[in-house]
Amino acid sequence: QGGVCFDLSRMDAIAELSLEDFSVTVEPGVTRKALNSHLRGTGLWFPVDPGADASLCGMAATGASGTNAVRYGTMRPNVLNLRVVLPDGRLLHTAGPGRQARKRAAGYDLTSLFVGSEGTLGFLTQATLRLHPLPEAIAATTATFPSVRAAVSCTVQVLQAAVPVARIEFLDEVMVGACSRFSGLELPVAATLLLELHGSPHGLAEQQRQAEEIVRLNGGSGLAWAEEPEERGRLWAMRHSAWYAALALRPGCQGYSTDVCVPISRLPDVVVETKQDLQDSGLTGPMVGHVGDGNFHCLLVFDPQDPAEAQRVHAFAQRLGRRALAAGGTCTGEHGVGLGKRALLLEELGQEGLDTLRRIKAALDPHNLMNPGKVL
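Predicted model only: the values in this text are computed from it and were never measured. (Residues numbered from 1 in each chain as written. Predicted model: local features only at pLDDT ≥ 70, side-chain atom pairs only at ≥ 80, totals over all residues. Heavy atoms only, no water.)

### Focus: the overall build of the chain
The condition is simple: Labels follow the DSSP assignment, with helices taken as runs of H or I lasting at least four residues and strands as runs of E lasting at least two, numbered in each case from the N terminus. Based on C-alpha atoms, the radius of gyration is set beside the globule rule, defined as 2.2 Å times the residue count to the power 0.38. Burial status follows relative accessibility: with a 1.4 Å probe on protein chains alone, a residue under 20% of its type maximum counts as buried, one over 50% as exposed, and anything between as partly exposed.
When its secondary structure is counted, the chain shows 13 helices and 13 strands. In terms of overall dimensions, the chain is globule-like: its C-alpha atoms have a radius of gyration of 21 Å, near the 21 Å expected for 376 residues. Projected onto its principal axes, the C-alpha coordinates of the chain cover approximately 60 × 55 × 35 Å. In the chain, which comprises 376 residues, the proportion classed as buried is 50%.

### Considering the pairing of strand S10 (residues 191-199)
Definition in use: In this description, strands pair whenever DSSP reports at least two bridges between them.
The buried fraction of S10 is high, at nine of nine residues. Burial along S10 is two-sided: Ala191, Leu193, Leu195, Leu197 and Gly199 and Thr192, Leu194, Glu196 and His198, pointing in opposite directions, are all buried. With six bridges joining them, strand S9 (residues 165-171) and S10 adopt antiparallel strand pairing. Bridging across to S10, Phe170 finds its partner in Leu193.

### As for the environment of Ala310
Checked against the element boundaries, Ala310 lands in helix H12 (residues 307-326). For Ala310, a relative accessible area of 25% translates into the label partly exposed. Residues Ala310 and Leu134, 176 residues apart in the sequence, show an inter-C-alpha distance of 45 Å.

### Thoughts on the sheet that holds S10
Within a beta sheet, neighbouring strands are joined by backbone hydrogen bonds and run either parallel or antiparallel to one another. Keep this limit in mind: Here an angle of 0 to 180 degrees is reported between the N-to-C directions of two axes, which are lines fitted to C-alpha atoms, with helices fitted over the stretch in contact.
With respect to topology, six strands assemble into an open sheet ordered S8-S10-S9-S12-S13-S11, the strand pairing being antiparallel. The open sheet has two free edges, formed respectively by strand S8 (137-145) and strand S11 (254-261), since each of these has just one partner strand. Strand-to-strand, the axes of this sheet are offset by a mean angle of 15°, without reference to chain direction. Of the strand pairs in this sheet, S9 and strand S12 (residues 287-290) are connected by two bridges, and their pairing is antiparallel.

### Quick notes on the UniProt feature "domain: FAD-binding PCMH-type" (unreviewed entry) in the chain
The test is simple: UniProt positions are given in the numbering used here, feature names are shortened, and annotations may be inferred rather than shown by experiment.
Mapped onto this structure's residue numbering, the UniProt feature "domain: FAD-binding PCMH-type" (unreviewed entry) falls at residues 1-134. For residues 1-134, the end-to-end C-alpha separation is 48 Å, with 20% helix and 23% strand making up the annotated structure.

### Remarks on the sheet that holds strand S5 (residues 91-93)
Ordered by their spatial adjacency, five strands build an open sheet running S1-S2-S6-S4-S5, and the pairing between neighbours is antiparallel. What marks the edges here is a single partner per strand, and that holds for strand S1 (14-18) and S5. Each strand axis lies, on average, 10° off the axis of its neighbour in the sheet, ignoring direction. Looking at chain direction, S1 and strand S2 (residues 23-26) are connected through four bridges and run antiparallel. When the sheet's bridge partners are listed, Leu17 is paired in S2 with Val24.

Here is the structure:
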């Protein structure tokens, strides 16, 4: 059909910073790392970390999440206001011009409507974000487990024990092996959890004791806490390279990443069933996840020249989405609907829910100018 692509990367101003209010207003070209670099020395940071050095307005548009969400939340609770150019050119401030209150009960929540809208309702040209105090002390570790179920069950128990983890990431043995080879870190090839704790030095010691006890109860081993920034940096660089590590398993092949999110209580069963489905399907698909939120990903690597394998990948992704829905979850926790999960969106929301979304889209974008075909 043709179209126009808008590049807003040169709109890169940090328009306003209020240290006392723990808030900052940024334009679309400001990335996550650029903001945290600007905040260095203030005692504050923006913790939402999807891995890539993404545009903050892009992160709002996609409802981004990441490794820190279990402690600090996803983009949705961390966006206080948005300036949006609507499809007809009108300017909308979703919480009112210049407003940055931590909570509000005035009218419909327009900010949340645009967070995660995937570019279908308007251009996000400014975002006011919530900042957080930097933790006084940080410690990270890895723990290996005898099985996938043991690792995921440990996650559930850590959360039930109210250990205030900042990050708790799961990697299956295929993902650990790929990441170890790609990053040059020597880790046991087994189901693994990466944990990070934030707090005061005294509080951190108690959190570490609690976490170690729960890990041992689930047959886990290998805990060695890294407290220096360089050590922790290497650990999380390995985790953030997971996509490239997965692609390196089959050089010359293509990657397809899909995700779901389920209630924490259902997570062990859904992960184990998905692992079995991958094996039965004969697919290369390392698993990795922000399991503290019940969210996990399958990084499927396949030969695009093999139609049969491509079809198996598509069928697996649909089964995974429906497995999550059957468990009371969602067909996507982070990656969005886009084009590939439109049928699953109908199954998740029902016809009335989908019709309501269409009416909202028609009211704001009656000519279907913005990302036509996406989501709906």
